[in-house]
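Here is how the chains run, residue by residue.
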Amino acid sequence: MWRLAGLGALSGLLAGYSALATAELVSAAVRPESSPVIAVGGAAIDRTPTPVKDWAIREFGTDDKLVLQLGILAVLTLLALVLGALAARYRSIGSAGVLLFGVVGGVAATNRPDSTSVMDALPSVVGAVVGAGLLYWLAGRLRARRHPEPAEEPMTEEPVTEEGIRLAPVANPAHDHERPGWDRRGFIVAATAAAAASTGIGLLGRSLNGARGQNAIASRNQVTLPAPASAAAPVPKGAALRIKDVSPFMTPNQDFYRVDTALVVPRVDATSWRLRIHGKGVTRETTVSFAELLRMPLIERNITLACVSNEVGGPYVGNARWIGVRLADLLAQCGVKPPSKGGPADQLVARSVDGMTIGTPVEDVMDGRDAMLALGMNGEPLPFAHGFPVRMVVPGLYGFVSACKWIQDIELTTFDDYDPYWVKRDWARKAPIKTQSRIDTPKSFARPTTGTVMVAGVAWAQHRGIDRVELRVDDGPWQQADLAAEDTRDTWRQWSFPWKATSGGHTLTVRATDRTGETQTRKRTGTVPDGASGWHSVVVTVD
Ligand SMILES: Nc1nc2c(c(=O)[nH]1)N[C@H]1C(S)=C(S)[C@@H](COP(=O)(O)O)O[C@H]1N2
Ligand SMILES: [Mo]
């Protein structure tokens, strides 16, 4: 009885594995994002309550997606075990259960915002049919000889005494129930074959899915970023302090934080990519290619990007040198006017290839700041994870209201008419970046020795600029920190403070004041809806 359930559970596991492997292969023929785990994962992300999502970004950071996928796999494993155990007794019901999950996956895949065809259901459905079929068949092996014909009973399975005398089978129904009444060989052969075939199919699917990105990779390799018509001024020498453990003034691409909802990083082929600009007040609707953007006059700017999900003291902020097309110029060519000049649209909604929507005030984009369609980041084409081929960057606004990656559509509309993705999920419609400062060194719980301890970090108030940074030791007075040279008001600023550390436990607190004269508020708020506020502190013990 328990053995039957156990073998059934094993069959369920194999069926689930073969279903996912098959789905992987079919998704390579449809599109990678249509695979069930990705589709269900995407649907889960979109439906995750904002507090939970915020918590996941905080706890797991860029690994949040890995955690989610592992979670989905854990749930699927459990379901497969249960359905398998069920199938050992009721094989039609167990197999039908597998089919049901295929339907769930298929519905999830076709309902993704980037799904354009019912074909997206195919991987889930075909996978489930294969998995259900395998489970049905394996469960059949388990029962093949539950009630064996006496004539079919192999001689060797009869109990035989040492003298070679065959004992008569005992006609005992209870005993009959206990004996291994199943096709052991058939099951083992089938199970092994299914496991091996699934692994082969899955690996083939994986590699085909990987190969699909080759055109995109090739198109990225072919990009040569032209010299900008308007170069960024050289970073002042004093902008980067030579202090160990301070965030480098320019954040290397591989260290740049990543926050998005994409379970599979979109790999867009730049040669077929187009951006459409349309909507209210657009008198000349425009579609531009990547090559056309590269031929336009480009600007190069250092801009510090920040995520609204960044907690006080958190890591989701980075500074890069972006090169791209001034968005205001392109919009003006399309006939767009900001609301202050009588334009009918106050919201610009950017749409990405993966269905993300991000709304930005048209006024901000056209008020003279260097809002851009970025094509390059720190001297190279955008990395895929950061939006290749084109993304938006707007100085002064959190990423969720400005920095659409993998952009493919810009629609001019109004805040009244349309709520983009995050706004539908409790986040604010408008979200300028709050003035913030962070202590990078020493870290909390560090144990420096008495004497001079270099306290240092970064402060940012994009598009307003940092005017002053102050440090407080315990409940002492605020003391002016040394500020590194300012690059631009759109970039962060390093600061340092040589602290005469005395022994014992101490709390170090930092605050910044921006160039409008406003000092970073001490009032602690969470990240939802428009960014965390409060002061960053670290607690250290001086030995
Ligand atoms: N297509 C797309 N663009 C997106 C997002 C997203 O989820 N999808 N996230 C936004 C958010 S919340 C932020 S903070 C920035 C982060 O950009 P980065 O990952 O390059 O640092 O991208 C923005 N652009
Ligand atoms: Mo963000």
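Residues numbered from 1 in each chain as written. Chains lettered and ligands numbered in written order. Predicted model: local features only at pLDDT ≥ 70, side-chain atom pairs only at ≥ 80, totals over all residues. Heavy atoms only, no water.

Attention now goes to empty space enclosed by the protein. Over the atoms, a rolling probe the size of a water molecule traces out where space has been left empty. What the rule picks out here adds up to five cavities of 30 Å³ or more. Around the largest cavity sit 25 residues that line it, and Val-259, Asp-260, Gly-399, Phe-400 and Lys-405 are the ones nearest its centre. Broken down by class, the residue content of the lining of the largest cavity amounts to 15 nonpolar, five polar and five charged. Taken as a whole, the second largest cavity holds about 210 Å³ of empty space. Considering the residues around the second largest cavity, the lining is formed by 17 residues, among which Arg-112, Asp-114, Thr-261, Ala-262 and Asp-354 are closest to the centre. Formed jointly, the lining of the second largest cavity draws a minimum of three residues from each of two domains, domain 1 (2-211) and domain 2 (253-425). (1 Å grid on protein atoms, 1.4 Å probe; cavity = no way out; pocket = protein on both sides within 12 Å on 5 of 7 lines; lining within 4 Å. Points joined across faces, edges and corners; volume = space filled by probe spheres on them. Nonpolar A, V, L, I, M, F, W, Y, C, P; charged D, E, K, R; others polar. Domains from an automatic or database assignment.)

This paragraph deals with the sheet that holds strand 6 (residues 357-361). Across the sheet, five strands lie side by side as 2-1-10-5-6; this open sheet has mixed pairing. In this open sheet, the two strands that pair with only one neighbour each are strand 2 (286-289) and strand 6. Strand-to-strand twist of the sheet, defined as the mean angle between neighbouring strand axes without regard to direction, takes the value 20°. For strand 5 (residues 347-352) and strand 10 (residues 407-413), the ladder comprises six bridges, and the chain directions are antiparallel. (Pairing = 2+ DSSP bridges. Helix = DSSP H or I, 4+ residues; strand = E, 2+ residues; numbered from the N terminus. Axes fitted to C-alpha atoms, helices over the stretch in contact; angles between N-to-C directions.)

Let us now look at the packing of helix 5 (residues 91-110) against helix 6 (residues 122-143). Across the interface, helix 5 lies against helix 6 with an axial gap of 8 Å and an inter-helix angle of 170°. Classified by the angle between their axes, helix 5 and helix 6 sit roughly antiparallel to one another. Handedness of the helix 5/helix 6 crossing: right-handed. Contact residues: helix 5 offers Arg-91, Ser-92, Gly-94, Ser-95, Val-98, Leu-99, Gly-102, Gly-105 and Gly-106, while helix 6 offers Ser-124, Val-125, Ala-128, Val-129, Gly-131, Ala-132, Leu-135, Tyr-136, Ala-139, Gly-140 and Arg-143. (Parallel < 35°, antiparallel > 145°, perpendicular 65-115°, else oblique. Left-handed = near helix turned anticlockwise from the far one by under 90°. Contact = heavy atoms within 4.5 Å.)

Attention now moves to the packing of aromatic side chains. One pass over the structure, following the stated rule, counts eleven aromatic pairs. Ring centres of Trp-55 and Phe-60 lie 5.4 Å apart, and the angle between their planes is 85°; this geometry places the pair in the edge-to-face category. With a relative accessible area of 30%, Phe-60 lands in the partly exposed category. Seen from their ring centres, Trp-478 and Trp-535 are 5.0 Å apart, and the 75° between their planes marks the pair as edge-to-face. (Phe/Tyr/Trp six-rings, centres within 6.5 Å; stacked < 30°, edge-to-face > 60°. Buried < 20%, exposed > 50% of the residue type's maximum accessible area, 1.4 Å probe, protein only.)

On to the site of ligand 1. The environment of ligand 1 is formed by 20 residues, the closest being Tyr-257, Asp-260, His-386, Arg-391 and Lys-405. Between ligand 1 and Val-259 there is a distance of 3.1 Å, counted from an oxygen atom to a backbone nitrogen or oxygen. In the complex, the protein chains occlude 99% of the 530 Å² of accessible area that ligand 1 would expose alone. The site holding ligand 1 turns out to be the largest cavity. When its residues are assigned to classes, the shell around ligand 1 shows eleven nonpolar, four polar and five charged. (Near = heavy atom within 4 Å. Polar contact = N/O pair within 3.5 Å; in protein donor to acceptor, adjacent residues only side chain to side chain. Areas by Shrake-Rupley, 256 points an atom, 1.4 Å probe, with all protein chains shown as cover. Sits in = over half its atoms within 2 Å of the grid points.)

Quick look at the side chain of Asp-354 now. Within the fold, Asp-354 resides in the loop between strand 5 and strand 6. We note that Asp-354 is buried and unpaired, the nearest opposite charge coming from Arg-112 at a distance of 7.4 Å. A polar contact is formed between the side chain of Asp-354 and the side chain of Ser-352, at a distance of 2.2 Å. The contact partners of Asp-354, leaving out residues within four places of it in the chain, are Pro-113, Asp-114, Thr-261, Ala-262, Pro-266 and Trp-406. (Lys, Arg positive; Asp, Glu negative; His and termini not counted. Salt bridge = Lys/Arg side-chain N within 4 Å of Asp/Glu carboxyl O.)

So, on to the sheet that holds strand 16 (residues 493-501). Taken in spatial order, the four strands make up an open sheet running 11-12-16-15, and their pairing is antiparallel. Looking at the sheet topology across the chains shown, the edges are occupied by strand 11 (436-441) and strand 15 (482-483). Pairing geometry for strand 11 and strand 12 (residues 451-460), over five bridges, is antiparallel. Looking across to strand 12, one finds that Ile-439 is bridged to Gly-457.

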